[in-house]
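# A look at the structure
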Amino acid sequence: MSNILLLEDDLSLINGLSFAFKKQGFELVVARTLKEADSLWMDGKYDLLVLDVSLPDGTGFEFCKKVRQVSKVPIIFLTAADEEMNIIMGLDIGGDDYITKPFNPLEMVSRVKAQLRRYTLYNGAETLENKEIFDSAGLIVNHQTHVCTLYEKEIALTPTEFNILWLLCKNAGKVVSTEEIFEKIWNEKYLDSNNTVMVHIRRIREKLNEPSRNPKFIKTVWGVGYKIEKK
């Protein structure tokens, strides 16, 4: 049974998600404020977090930043449909996915299951058929152990970030379209207005200390996608 922490202050939404999650066998713990979430949070206690952006005593972003200091647990943000900058900000500080209100609780359950599968694979709980290692110019990405090092220093990537990087690595020298990245990583239909891939690529580059104007590893092919060269 997976344990989920929901940080949300809307009672009607809490009731709907509680019913949907429990029907699918998830254990749901609810916090309605940042203060409650702080008292409930403990690294390793929850398998996934669902965080609302707007809360009575702050934002879900604040809680996400605290969690990301110690944990790679999957994080899904809840945001209003017209809050595009909040979506980008949430992904930029370490969120793995987002869902806009209003939404069907079953859609949320589907998103949660996808993130849990990805996280389980990341932590090696499933058999990995591909045991290749990408090794180029000081960057080593080990698909079997899900460890990334740069100049022998481990880089702390979230499961989503690692999976994007590995997708580029196993296609080294080829351009991988933004659409392909999104659909393979998130298992959803890509829309041109979606900035999710762009934000995650930027976050990976920052962790690799990539210069924005002339990145060493992940190259942008404008209007198409991204590629990483084998050097």
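Counting restarts for each chain: residues are numbered from 1 in the order of the written sequence. Totals for whole chains, interfaces and linings use all residues, but because this is a predicted model, local features are given only for residues with pLDDT of at least 70 and pairs of side-chain atoms are given and counted only at 80 or more. In computing side-chain properties, one takes all heavy atoms of the structure into account and sets aside hydrogens as well as water.

## Focus on the overall build of the protein
The cut-off we apply is this: In this description a helix means any DSSP run of H or I spanning at least four residues, a strand means any run of E spanning at least two, and both kinds are numbered starting from the N terminus. Two things to know: the radius of gyration comes from C-alpha atoms, and the globule rule equals 2.2 Å times the number of residues to the power 0.38. Buried residues are those whose accessible area, probed at 1.4 Å on protein chains only, stays under 20% of the maximum for their type, while exposed residues exceed 50% and partly exposed ones sit between those limits. We call two residues in contact whenever any of their non-hydrogen atoms come within 4.5 Å of each other. Accessible surface area values rest on a Shrake-Rupley calculation with a 1.4 Å probe, where residue burial reflects the displayed protein chains alone. When charges are counted, neither His nor the chain ends are considered; positive counts come from Lys and Arg and negative counts from Asp and Glu. Lys charges are placed at NZ, Arg charges at CZ, Asp charges at CG and Glu charges at CD.
If you tally the helices and strands in the protein, you get eight helices and 14 strands. By the compact-globule yardstick of 17 Å for 231 residues, the protein fits well, its C-alpha radius of gyration being 18 Å. Across its three principal axes, the protein shows a C-alpha extent of roughly 55 × 35 × 30 Å. Taken across its 231 residues, the protein has 48% of its residues classed as buried. Summarising the internal contacts of the protein: among those between residues at least 6 apart in sequence, 59% fall at separations of at least 24. Put simply, the protein shows about 11600 Å² of open surface, and 51% of that area lies on carbon and sulfur atoms. Each charge class in the protein was averaged separately, 30 positive and 33 negative side chains, and the resulting centres sit 4 Å apart.

## Some points on the environment of Cys-64
Among the secondary structure elements, Cys-64 is positioned in helix 3 (residues 60–68). You can call Cys-64 buried: its relative accessible area is 0%. A sequence separation of 26 residues divides Cys-64 from Gly-90, and the C-alpha atoms of the two residues are 8.3 Å apart. Among residues more than four places away in sequence, those in contact with Cys-64 are Leu-51, Ile-75, Phe-77, Ile-93, Gly-94 and Gly-95.

## Let's talk about the sheet that holds strand 6 (residues 75–80)
To keep things clear, this is the line we draw: Strand pairing is assigned whenever DSSP identifies at least 2 bridges connecting the two strands. Comment: axis = line fitted to C-alpha atoms, over the contacting stretch for helices; angle = value between 0 and 180 degrees taken between N-to-C directions.
If you walk across this open sheet you meet the five strands as 2-1-3-6-7, and the pairing is parallel. Each edge of the open sheet carries a strand with a single partner, namely strand 2 (27–31) and strand 7 (97–101). Across the sheet, the axes of successive neighbouring strands diverge by a mean angle of 20°, strand direction being ignored. Note: strand 1 (residues 3–7) against strand 2, five bridges, orientation parallel. By the bridge assignment for strand 2, Leu-6 is matched with Val-30.

## Structural notes on the side chain of Arg-68
Note the following rule: Each polar contact in these results corresponds to two N or O atoms within 3.5 Å; when the atoms are within protein, one needs to be able to donate a hydrogen and the other to accept it, and residues that are neighboring in sequence are counted only if both atoms are side-chain atoms.
The residue Arg-68 is located in helix 3 in this model. Polar side-chain contacts of Arg-68 include one of 3.0 Å to the backbone oxygen of Ser-71. For Arg-68, the side chain forms a polar contact with the side chain of Asp-96, separated by 3.0 Å. Other than its neighbours up to four places away in sequence, Arg-68 contacts Val-73, Pro-74, Ile-75, Ile-93, Gly-94, Asp-96 and Thr-158.

## So, the pairing of strand 10 (residues 147–150)
Remark: a regular strand shows side chains that alternate across the two faces of the sheet. The pairing of strand 9 (residues 139–142) with strand 10 spans four bridges and is antiparallel. Following the sheet pairing, Leu-139 is matched in strand 10 by Leu-150. In this structure, the hairpin formed by strand 9 and strand 10 is closed by a connection of four residues, where His-146 is found at a positive phi of approximately 55°. In this structure, strand 10 lies alongside strand 11 (residues 153–154), joined through two bridges in antiparallel fashion. Each bridged residue has a counterpart across the sheet, and for Thr-149 the counterpart in strand 11 is Glu-154.

## Overview of the packing of aromatic side chains
The cut-off we apply is this: Side-chain rings of Phe, Tyr and Trp (the six-membered ring for Trp) are treated as a pair once their centres are within 6.5 Å; stacked means planes under 30 degrees apart, edge-to-face means over 60, and tilted covers the remaining angles.
Going through the model one piece at a time under the given rule, you end up with five aromatic pairs. Pairing Trp-41 with Phe-63 gives two aromatic rings, centres 6.3 Å apart and planes at 85°, and the pair type is edge-to-face. Pair noted here: Trp-41 is in the loop between helix 2 (34–40) and strand 3 (48–52) and Phe-63 is in helix 3, with a separation of 22 residues, a long-range link. The class of Trp-41 is buried, set by a relative accessible area of 18%. Residue Phe-63 is classed as buried on the basis of its relative accessible area, which comes to 2%.

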